[in-house]
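Spelled out, the chains give:
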Amino acid sequence: MQAAEKILVFNSIQELYRYLNLPVDKIDEKTEFAIHNLKDIHAELPYRSPLFKINYFSFLFVKNAKGRYSTDEQYFDTQPGTIYFTNPGHYKSFEWERIDEVYQINLSESFLKENVHPHIFDEFSFLLAETVPPRNLTPEVFAEFEHLYLQILKEYVSHSPYRNRLIGNLFVVLLLKIKEYFWHDYNPIYEGNRSSVIVKNFKMLLEKHYRDLSKGLVEKAYRVQDYADAQSLHPNYLNNVITAKTGKSVGTWIAEKTIAEAKSLLQNSSSSIKEISYLLGFSESTHFSNYFKKHTGISPVLHRNQHSKAVS
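Residues numbered from 1 in each chain as written. Predicted model: local features only at pLDDT ≥ 70, side-chain atom pairs only at ≥ 80, totals over all residues. Heavy atoms only, no water.

A. Representation of unusual backbone geometry. A cis amide bond links L45 to the next residue, P46, at an omega of 0°. For P46, the location among the structural elements is in the loop between β2 (33-37) and β3 (47-48). The residue N21 is not glycine, and still its phi comes out positive at about 60°. Note on N21: relative accessible area 70%, which makes it exposed. Positive phi, close to 55°, is recorded for S232, a residue that is not glycine. By the element assignment, S232 lies in the loop between α7 (224-230) and α8 (235-246). (Helix = DSSP H or I, 4+ residues; strand = E, 2+ residues; numbered from the N terminus. Buried < 20%, exposed > 50% of the residue type's maximum accessible area, 1.4 Å probe, protein only.)

B. Inspection of the pairing of strand β8 (residues 91-107) at higher detail. Summarising burial for β8: 13 of the 17 residues are buried, a large majority. Pairing analysis gives 5 bridges linking β2 to β8, with the strands arranged antiparallel. Looking across to β8, one finds that A34 is bridged to N106. The sheet contact formed by strand β4 (residues 52-54) and β8 spans 2 bridges and is antiparallel. Across the sheet, residue K53 finds its bridge partner in β8, namely Y91. The sheet contact formed by strand β5 (residues 57-71) and β8 spans 14 bridges and is antiparallel. (Pairing = 2+ DSSP bridges.)

C. Layout of the pattern of salt bridges. As enumerated under the stated definition, the model contains 18 salt bridges in all. Note that D28 and R163 form a salt bridge whose closest N and O atoms lie 2.8 Å from each other. Taken together, the residues D28 in the loop between α1 (13-19) and β2 and R163 in helix α5 (residues 163-183) connect sequence positions 135 residues apart. According to the relative accessible area criterion, R163 is buried, its value standing at 13%. With a closest N to O distance of 3.9 Å, E32 and K263 form a salt bridge. Placement of E32 in the loop between α1 and β2 and of K263 in helix α9 (residues 250-268) is noted, with a sequence separation of 231 residues between them. When salt bridges with common partners are traced through the structure, they connect E109, K113, E207, K257 and E261 into a single cluster. (Salt bridge = Lys/Arg side-chain N within 4 Å of Asp/Glu carboxyl O.)

D. Examining helix α11 (residues 285-296) more closely. Between the first and last C-alpha of α11 there are 16 Å, a value that for 12 residues agrees with the 16 Å anticipated at 1.5 Å per step. Note on α11: the residue one or two positions beyond its end, G297, has a positive phi of about 90°. (Expected span 1.5 Å × (residues − 1).)

E. Seen up close, the environment of G168. Tracing the backbone shows G168 in helix α5. For G168, a relative accessible area of 1% puts it in the buried group. Taking the C-alpha atoms as reference, G168 lies 7.4 Å from L112; in sequence the two are 56 residues apart.

F. Summary view of the packing of aromatic side chains. All told, the structure shown has 21 aromatic pairs when counted by the stated rule. Summarising the aromatic geometry, the rings of F33 and F171 are spaced 6.4 Å apart at their centres and angled 85° between planes, so their arrangement reads as edge-to-face. Here the residue F33 occupies a position in strand β2, and F171 occupies one in helix α5, the gap between them amounting to 138 residues. For the pair formed by F33 and F171, the shared burial category is buried. One aromatic cluster is present, built from ring pairs that chain together F33, F59, F85, F111, Y156 and F171. The ring of W253 carries the charged tip of K248 above its face, separated from the ring centre by 3.9 Å. (Phe/Tyr/Trp six-rings, centres within 6.5 Å; stacked < 30°, edge-to-face > 60°. Lys NZ or Arg CZ within 6 Å of the ring centre and 35° of its normal.)

G. Representation of the environment of Q14. Within the secondary structure, Q14 sits in helix α1. Classification of Q14 as buried rests on a relative accessible area of 8%. Residues Q14 and Y291, 277 residues apart in the sequence, show an inter-C-alpha distance of 26 Å. Beyond its immediate sequence surroundings of up to four residues, Q14 is in contact with V24, I27, D28, E29 and T31. (Contact = heavy atoms within 4.5 Å.)

H. Inspection of the packing of helix α6 (residues 194-214) against α9 at higher detail. Direction vectors running N to C along α6 and α9 enclose 35°, while the axes themselves pass 11 Å from each other. For the crossing formed where α6 meets α9, the hand is right-handed. Contacts from F202, K203, L206, E207 and Y210 in α6 reach V250, W253, I254, K257, T258 and E261 in α9. Counted by class, the contact of α6 with α9 contains 6 nonpolar, 1 polar and 4 charged residues. (Axes fitted to C-alpha atoms, helices over the stretch in contact; angles between N-to-C directions. Left-handed = near helix turned anticlockwise from the far one by under 90°. Nonpolar A, V, L, I, M, F, W, Y, C, P; charged D, E, K, R; others polar.)

I. The nonpolar core, seen in detail. Residues F33, F59, I105, L127 and F171 are the most contacted members of the largest nonpolar core, which totals 63 residues. In terms of residues, this core owes the most to one element, helix α4 (residues 139-156), which gives 8 residues. Excluding its chain neighbours within four sequence positions, the residues that come into contact with F59 are Y84, F85, Y103, Q104, I105, L107, L127, F171, L175 and I178. Ranked by size, the runner-up nonpolar core spans 26 residues in total, among them F202, A221, W253 and F282. (Core = buried A, V, L, I, M, F, W, Y, C linked by side-chain atoms within 4.5 Å.)

Spelled out as structure tokens, the structure:
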């Protein structure tokens, strides 16, 4: 990648499609989850995207199509029966020659933790993997996944007040099927060069530290220096590796993780704002409130009230 090349960064599938002048009418703007058939998106083929970076999870289920995609510097072919996923922080591109049926699911970390499980990465550690190659399944096995993602689609387009919870529960089954069929023996430690191992270790430590914070096992939130010390690295080196591999600095990862955990606690616990502040390592609740508002645009109280109204 050229140093002067503009890096396109998108925080949602809606942002990406708007930039690419692709339709967004199949996507609900009110939730951080989306599922749709790419045939409804790409009216004109062949199609080739520019290089971009996403800050959300993306799962593709290719029943019948032909194309190619890249993740960072690796290229993969897509063909009938292909399933693959990518997690936040990667550089991607894609091209399609033919699409008959390809369903794509996009969701944020916040949605995972709020509607699937607060400790989602304990059970499904492969979600933190640096790069996972696609898998091609037999028609019989692919049909099991098709049944699940079509059921998720049915709930997505419904008007049920329990829609997100239903989607969350169905998505757990989908993840279990993924784990059962082709990631049960996957070990992220074997992910190539030293930089990939550093990124994997950082992501795992980030998850563990925030679990420990939420359980009251530690009182102080880690800073860049602490994450560097854990791998016996200089903080500048760690930050350079993380930024180069993921497109986000260590500080940005920490901030996004703090907000994701805060949203999960606000929506899934009865803890007071003061208690949540301390759980996340803030010495004063006012500091936490200001931090939350800076990153989300609204106060913790308003976020909790909005969520309560949405599920009532």
